Structure formats: C-alpha cells, structure tokens
Amino acid sequence: MITDDTESPTASSTTTTENSSSSNPSNPSMDPISWPPNGELTLDWVVNVMAVFDWVSRNLKPAELPRVLPVSVFDSIVLTGSKLLHKEPNCVRVDDIGEDTRVVIVGDVHGQLHDVLFLLRDAGLPSGNRVFVFNGDYVDRGAWGLETFVLLLCWKVAVGLLLVPCAMRHPREWIFLPNRVYLLRGNHESKYCTTVYGFEKEVMAKYGDQGKHVYRKCLGCFEGLPLASVIAGRVYTAHGGLFRSVAVTPTKRPKGKKRNRKLSASSEQNKLALGSFEELNKARRSVLDPPWEGHNLIPGDVLWSDPSMSPGLSPNKERGIGLIWGPDCTENFLKEFQLKLIIRSHEGPDAREKRPGLGGMSEGYTIDHVVESGKLITLFSAPDYPQFQATEERFNNKGAYIVLEPPNFDTPVFRVFEAVSPRPKGNPYYDYEDVIDSDEELDLLSMVSS
C-alpha cells in the first residue's frame, strides 16, 4: 500500500482500539490529470488525485479546476463509474470479506474534501482487506462537493496491485476495487437538493460554459447509486433508514385477458407496514428526485426517513417525505431479517437540535435505539458542520466513522475525529444565511416543476 510521511494540516481522532496518524503525499504533480491509456486506475493514480485536489483547493481559484481535471477526464471517470453503479442492485450485499478484513462505514461528508482526505488516511485506504461503505450525501453545503464525489468515484473504479493473503503460488494479483468501495445514495444526490444547497452552482462556477454538461453527468451518475447495503448478513446500512411495504394486489379484468398486478403503496389510509428486501430490490431507483407519493415510495423512504423514540410507523410530516419509525419497528426489522445493526446517517447537528428525545451529534454518532435484537445507530462524518454558518456560534461537532471487525462484523468500533485545521478558505455556493439549516420544511412540491 502506498504511504507517505510529509506534514499536512492536522486533525485528530479517538478510538478505544487503535492509534492513527495523518499525512499527505509530497509534491503532487500539477500536470493535468490524464486518463490512463489502458483505462485502469491504479492506487498510485488515485492517491495522486487526492494530492492534486488538496493542492488545488489551497492554491487555485475554483474556476481553475479544469486546468487539472479536464472535462474529457471527468467524462471518463463518470462514465466508468456509472456503468459499475447501474449494474449493482438496489441493496448491495457485502459478503466477500474474510477473517482479516475490516469494513469502514462513513456517513454524510457534504463536500468537506479535507475531512474526507483525513478520514481515508486515518482509516487506511481501500484495499483487499479494507472495505468502505459510504452512506451518501457527498455533495452540497461544502465548497468541494465535486472534488469529493469525483475522488470517491475514482476509488470505486480503481484497480490496485494488492496483496492476496490466500494466494499461494502467486502472492500478488490484480484486484478490482469496486467490491471494496460501495457508494450509496443520499437524499442530496438529487436534482432538487443540489439546486437548493449549492452543488449545481458549484459545478457551474468551476466549469463555466461546460458546467451544465458536468452537472448533467453527475445527476446521471447519482441515479445509479445503490440505496442500501447488507454487510456480512448482519448489518443494514442506508442513508435515511427503513422503508414501507408496497402491497401487490391483482387487478380484476374481463375474462379472456391476462390478469395484471397493481402496486398500491401503504399510506395513511392503508396502515403502514415495514417493507422487505425483495420489495427494496424491485423499487425503481433511477429517478432524480424520489417521489413522495405514488407507487414508488421506497427510494424516498430509504433516503429521507428518520427514527423516533415514539413507537410506530408514520409519515414523516416534518420533512414531507419518507417515514418516522420507533424502537418497535427497529426491533421488528432486525428480528425479521436476522440482523444486529442498522447504521444510517442523514442527520447532522443542525437537524438533531430540533429532535427532542434523540441524542445530539456532537461526537459524530448517536445510538438511537437499543432493542432486544440489536441497535440503531446514526452516523455523521462531517465535522464542524455545516462549513458555512450564518451564526457566530458554530456547532463545532466532531465527525465519526465506524469500523466493523471480524468474525461477526456486528460490533461497531467508533472512530471520532475533529475537522482538519486550518480549513482552506472556500466559497459558499448557496445563500446559507437564508436557506434553512436542516432539510426539514423543504418545498418538496417544487420537485415537480424542477
């Protein structure tokens, strides 16, 4: 694995089991990033992208990004990544993990590139025995959403020369990293949120006349992001969380014609019930803005739902989309599918400030439900969030990620870290003084016109 020793702006992390350090590659090439002739993105290539993006964020104006990331290279990265993502099921199964493997779960990062760079080095880069599952919300609010998403996409499609412990005659062989890096979708990977919270304007500011093209390519890639994962058959992860059942009922038709099957989503009129993984995998995820009504409600639930300390399952009236579920639903879901953990994200310190009964996000995670079958955890990986705040008093929250270890991968090890300091000066791409902090009370009906 590639390592480096030069100094960088600092951050710190804490854990009960491991020590960590952070460093940066030295002398990143300022030649434009080029697409490898054979199309194979090596670890060297991706680590260089990390270093170049870091250097550019500190030394160049946003509009100069195309100098180092030409549109042609961006197109190749997104095309390759999109092909991989669209082939994955709605719920990916992370089962190719052995006794020497660790699985790293990452929550919202929201364009905070330098904290992502620290996290990758602190946890250890993706490798044959280190799997990453990212829980969505890569863009919006932070100044470097485009670089953050492109970098993670590079890791998704990278190929590295990695050690294979089980190999006897050939101790080293090529391993494709797609099954070592999983990128799930967050609610901000949508047209609506990226219009409100800055990502669209960020892309336009950085790519000018070619900005619309770059933005459209990103939206197309967002459509392919899977919705959820199940790790080692014991841990369910998704950005928002649980989802409803969509009943399948036969529709009466005249004799002589084939009977059709009609989907009818559970609603307030039809008592809500939790959905199954079969229903999750049948849902249509390739929509820019998940519907909040109609028969394809599952993607909206997975991306927008929130837990509550009150029992039951009900519509999420605060957000206008998704569900609210209580500890009883967590227990039922874990027990039904023989799981031990639910790890979701979606709520930062601003959102949790408005959620009585649930823990705050000062440490980057909360354990929301502890039930007989296991636990529900909310994980947030963007420290000192949001990057741009209208008030003098900041939340000053820490970020966190989770490490799942063998043999069962169901006992979370929390790694808590502070924001990289000093953070480079960045530009806000949305009116953070007027736009509300959390995603609550958004005008979701405008999705129709957008």
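The coordinates are above.
Residues numbered from 1 in each chain as written. Predicted model: local features only at pLDDT ≥ 70, side-chain atom pairs only at ≥ 80, totals over all residues. Heavy atoms only, no water.

Enquirer: Just checking my understanding: could you explain the pairing of strand 9 (residues 235–238) for this structure?
Expert: One face of the sheet, then the other: side chains in a regular strand alternate in exactly this way. Burial along strand 9 is two-sided: the residues Val235 and Thr237 and Tyr236 and Ala238 are all buried. Direction of pairing for strand 8 (residues 228–231) relative to strand 9: antiparallel, over a ladder of 4 bridges. Counted as the bridge partner of Ser229 is Thr237 from strand 9. Between strand 8 and the antiparallel strand that follows it, strand 9, lie 3 residues; Ala232 among them carries a positive phi value of about 55 degrees. Bridge count for strand 9 against strand 15 (residues 341–344) is 3 bridges, and the pairing is parallel. In the sheet register, Tyr236 faces strand 15, and the bridge partner there is Ile342. (Buried < 20%, exposed > 50% of the residue type's maximum accessible area, 1.4 Å probe, protein only. Helix = DSSP H or I, 4+ residues; strand = E, 2+ residues; numbered from the N terminus. Pairing = 2+ DSSP bridges.)

Enquirer: Whenever I open this one, unusual backbone geometry confuses me. Can you help?
Expert: Where the residue is not glycine, phi is negative for most of them; where a peptide bond is considered, it is trans in most cases. Residues Pro406 and Pro407 are joined by a peptide bond in cis, for which omega reads 10 degrees. Along the polypeptide, Pro407 turns up in the loop between strand 18 (399–404) and strand 19 (412–417). Here the bond from Ser421 into Pro422 is cis, since omega is 0 degrees, no more than 30 degrees from zero. Its location among the elements puts Pro422 in the loop between strand 19 and helix 12 (446–449). Its identity as a non-glycine residue notwithstanding, Gln338 has a phi of 55 degrees, on the positive side. With a phi angle near 80 degrees, His346 is a residue other than glycine that sits in the positive phi range. Along the chain, His346 turns up in the loop between strand 15 and helix 11 (349–352).

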